[in-house]
Amino acid sequence: MGNEPVSNSVLIEHIDGQWAVQIVEDGKVSQQFETEQFAQNFAADQKVHLKLPLPHSVKPPRPELR
């Protein structure tokens, strides 16, 4: 116990009227959003970053043009 590797993940929860996205990548980070759509978009971006599978209904974000 305690030395087990933490697998990367992205979770979305509705807490106290806001949407929280929890990203686990060698630790925990949370981000709060007022709307579910913003939370879903942020979570999809993070899943791409972590190379996690996206649900079939979610398209990967387009790369930014610079």
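Placed above this text is the structure.
Residues numbered from 1 in each chain as written. Predicted model: local features only at pLDDT ≥ 70, side-chain atom pairs only at ≥ 80, totals over all residues. Heavy atoms only, no water.

J.: Explain helix α1 (residues 36-49) to me, and be specific about the residues and the numbers.
T.: Quick reminder: α-helices carry 3.6 residues per turn. Residues three or four places apart thus point the same way. A rise of 1.5 Å per residue sets the reference length of α1, with its 14 residues, at 20 Å; its end C-alpha atoms lie 20 Å apart and thus fit the reference within 8%. Here α1 has its buried residues at Ala-39, Ala-43, Ala-44 and Gln-46. The buried residues of α1 occupy one face: seen down the axis, they fall within an arc of 165°. Seen from the buried face of α1, the exposed residues on the opposite side, beyond 90 degrees, are Gln-37 and Phe-38. Phi turns positive, to about 60°, at Lys-51, one or two residues after α1. (Helix = DSSP H or I, 4+ residues; strand = E, 2+ residues; numbered from the N terminus. Expected span 1.5 Å × (residues − 1). Buried < 20%, exposed > 50% of the residue type's maximum accessible area, 1.4 Å probe, protein only. Arc of directions from axis to C-beta.)

J.: I'd love a proper account of the environment of Phe-38, names of residues and values included.
T.: Within the element layout of this structure, Phe-38 appears in helix α1. Judged by relative accessible area, which is 52%, Phe-38 ranks as exposed.

J.: Which residues make up the environment of Leu-54, and what values do they have?
T.: Among the structural elements, Leu-54 can be located in the segment after α1. Classification of Leu-54 as partly exposed rests on a relative accessible area of 24%. Expressed as a C-alpha distance, the spacing of Leu-54 and Ala-43, which sit 11 residues apart in the sequence, is 9.6 Å.

J.: How would you sum up the nonpolar core? Please name residues and give values.
T.: Membership of the largest hydrophobic core is limited to 8 residues, which are Val-10, Trp-19, Val-21, Ile-23, Phe-33, Ala-39, Ala-43 and Leu-50. Counting only elements with at least two residues in this core, the list comes to β2 (18-24) and α1. Apart from residues lying up to four places away in sequence, Ala-43 is in contact with Val-10, Ile-12 and Val-21. (Core = buried A, V, L, I, M, F, W, Y, C linked by side-chain atoms within 4.5 Å. Contact = heavy atoms within 4.5 Å.)

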